[in-house]
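# Chain and residue survey
Listed below are the residues making up each chain.
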Amino acid sequence: MKPALEGKNLSIGYHNQPLATGLSLELFPGELVCLLGPNGAGKTTLLKTLSGLIPPLAGELSLLGQPLASVSLAQRAKQLALVLTERPLTGFLTVKDLTALGRHPYTGALGQLSEHDWAQVARALKQAEVAELADQQVSQLSDGQRQRTLIARALAQEPAVLALDEPTAFLDMPHRLGLMALLRKLASEQNRALLLSTHELDMALKSADRLWLMGAKGAFYQGAPEDLGSQGKLTTVFGLNWNPVQGAFTQSQVQRGGLSILAPQPQAAWGRRAIERAGWELDPTARDQLKWTESGWRLWGQTGPDFAWVVGQLKAKK
Amino acid sequence: MKTGYLLGLSLLTLGLVAALLGLGSVSIPSDQFTAALQGKGIYGRILWDLRLPKVLTAAGAGAGLAVAGLLMQTLFSNPLAGPYVLGINSGASLGVALLVLVMGSGILSGIAGGFAMVVAAFIGAGLVLLLVLALAERVRTPVTLLILGLMFGSMASALVSILIYFATPNDIQAFILWTFGSFRSVGYSELSLMLPLVAFGLGLALFLPKPLNALLLGEEYAQSLGVEVKAVRRLLLLAASILAGGITAFCGPIAFLGIAVPHLCRFLFATSDHRLLLPACMLLGADLALAAELVAGVPGSSQALPINAILALAGAPVVLWVILKGKS
């Protein structure tokens, strides 16, 4: 399969000061790639370089097999669409108006939309799941609805490649999950190449087909989330501890000791979070035990102020 | 419905033009009106040589300043922007100040006096325009340009205040009168220069509604939609500066129209679409300028109030009312 977007030996940055050099990367149709890295690693710069907003300092960049520099801006706009982090002032634009702006590369000199253009707008609104908001003003939408509207606008460009900069940044968790599900659908069902930058590690690990990992000082790795994880690249880039038992990243260093939990689900899982947050370790063989009874949590074994602090509110029910 | 509003604004324009032609410090007797329309007699001269140039000036200036303000508000994504954000009015003021305060207001007497003021204002505005256009090629974001414009303005105002400090009261009064704004000091010879400038600026703007709409989301989105952002920025600056510079040279600095009319149009039409906003700004800008001239002229008296004062006094409450009503 040919990549939709390909970079060879790219150097990216501003004013001839490279943020990262020697990047070689491919983005294929039908896949969702998460560009992952800590704040300041250069995710936005890479995204803007790949979408042609800023020129690469060195290297080759091609869009659908054509060198990007040789593709006119108007042609580019039909192949690649963007959703940026900034929240633009939208004035009196309705959801439909804003989506219709995406038809810009297809309309004539005065920007008059044809019947076909309006059909494409309607299709984009439906795909981004904002069709029922069509006549609402964008300024009155919630963050989640606004983000979907900006995605509808990008879809109206009928792009082969869709690049999104931190699309989940302003969203709460349910909306974040909903948006990721939508993006996955856009990639797999419509065979578009989707690239999105994020610093939300958990979410990227769960939803990306592949990861592009950017670290400090220009480090760059790409691969399946599981491969990068097992190679230890994730821990290097983010400077976190990987807890192989939990299958998750942890920040706590100090282990205070072991504690066993005797409780049905879901109480056991929540109880475990509470003790681990405070630096204890779940140890089924430990003598000290946190136990769920009909009257609430109960502690068996070791007591004392230290322990009370550890489990906080759980202790109150003793 | 929205095109109905446009029709309404056009009818208002016609009504105001008729009122301004019919009313003035001299009332034309009704039995003389047909003769006057044919250009006969003293009333014919009043109608064609005094009132018509005034009407054309007000309409052209109103339309031009409103559109210049709209272009700048969209380019800078800033609701406080107006035709004068680039410092063009300050350049014009400096030109006039240099002429009046250094050469003395005596230079304004005589036939060539008015024209000298126009030339001075035009040179001042033109120099700032060239400076801004040259710098626009080098700056990355419009915000930088906005700050540069502010700095030019401050420097020019500083020079003007130094000139005022050392000037005689007579000269200062002549300068202050210019800053009040007026549609009356323009005759056909000046109009033959001003109207082509306004027509050029408005014509250029009428070709740009599509990139202007793309710019609503900012320059980066516009570029991703296929807009050649730098070229469009250049055209917008050119159109706005020619409108603002040309009009200021002939009518003095009239700031209110350029900032207020685009907002009024957005709220009246509840739209951000420049295909509608451009004609709406032209019509409403012309209407407001004509209405201000009608009030400023105080029909039946020989007095004339300063245009800027009328526009701000009567206009600001209207803008407040429309915006507050639109919010609720």
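Read on for an overview of the structure. Here, residues in each chain are numbered from 1, in the same order as that chain's written sequence. Following the order in which they are written, the chains are lettered starting with A and the ligands numbered starting with 1. Local features in a predicted model are, by the rule used here, given only for residues with pLDDT of at least 70; side-chain atom pairs are given and counted only at 80 or more, and totals for whole chains, interfaces and linings are based on all residues. Each side-chain value is derived from all of the structure's non-hydrogen atoms; neither hydrogens nor water enter the calculation.

Residue and element names in this part refer to chain B. Here helix H11 (residues 229-251) is 23 residues long and its end C-alpha atoms lie 32 Å apart, about the 33 Å a rise of 1.5 Å per residue gives. Note on exposure labels: buried denotes an accessible area under 20% of the residue type's maximum, exposed denotes more than 50%, and partly exposed covers the range between, all computed with a 1.4 Å probe on protein chains only. Secondary structure is summarised from DSSP: a helix means a run of H or I of at least four residues, a strand means a run of E of at least two, and numbering begins at the N terminus for each. A large share of H11 lies buried, amounting to 18 of its 23 residues. The first or second residue beyond H11 is Gly252, which carries a positive phi of 85 degrees. Working rule for helices: expected span equals 1.5 Å times residues minus one.

The interface is formed by 33 residues belonging to chain A together with 24 residues belonging to chain B. Carbon and sulfur atoms make up 61% of the surface buried where chain A meets chain B, a total of about 2500 Å² over both sides. Summed over both partners, the accessible area lost on bringing two parts together, with a 1.4 Å probe, is the buried area. When residues of chain A are sorted by the area they lose upon contact with chain B, A:Leu73, A:Phe92 and A:His104 head the list and together hold 30% of the total. Take a side-chain nitrogen of Lys or Arg and a carboxyl oxygen of Asp or Glu: if they are within 4 Å of each other, that pair is a salt bridge. In this structure, the connection of chain A to chain B is made through one salt bridge. One salt bridge connects B:Glu220 with A:Lys48, and the closest N-O pair in it is separated by 2.8 Å. A 3.5 Å cut-off defines polar contacts: any pair of N or O atoms within that distance qualifies, except that in protein one atom must be a possible hydrogen donor and the other a possible acceptor, and neighbouring residues in sequence count only when both atoms are side-chain atoms. Taken together, the connections running from chain A to chain B amount to 10 residue pairs in polar contact (both at pLDDT 80 or more). If you list the elements that add at least two residues to the side of chain A that touches chain B, you get helix H2 (73-79), strand E6 (80-83) and helix H5 (143-156) of chain A. Its residues assigned to classes, the side of chain A that touches chain B comprises 19 nonpolar, 11 polar and three charged. Residues count as neighbours in contact if any of their non-hydrogen atoms are within 4.5 Å of one another. For this scheme, ten residues count as nonpolar: Ala, Val, Leu, Ile, Met, Phe, Trp, Tyr, Cys and Pro. Four count as charged, namely Asp, Glu, Lys and Arg, and the remainder, Gly too, count as polar.

Next up on the list: the side chain of A:Thr168. Residue and element names in this part refer to chain A. The topology assignment puts Thr168 in the loop between strand E7 (161-165) and helix H6 (173-190). Residue Thr168 is classed as buried on the basis of its relative accessible area, which comes to 0%. Once residues within four sequence positions are removed from consideration, Thr168 is found in contact with Arg176, Leu179, Met180, Thr198, Glu200 and Met203.

Let's shift gears to the nonpolar core. Counting 107 residues, the largest nonpolar core has B:Val67, B:Leu71, B:Met72 and B:Phe76 as its most contacted members. A total of 14 residues in this core trace back to one element, the largest contributor, which is helix H3 (residues 41-75) of chain B. The residues touching B:Val67, leaving out its near neighbours within four places in the chain, are B:Leu202, B:Ala205, B:Leu243, B:Leu278, B:Cys281 and B:Met282. Side-chain atoms within 4.5 Å are what join buried Ala, Val, Leu, Ile, Met, Phe, Trp, Tyr and Cys residues into a set we call a nonpolar core. If you look at the next biggest cluster of nonpolar residues, it comprises 78 residues, including A:Leu25, A:Leu63, A:Val83 and A:Val130.

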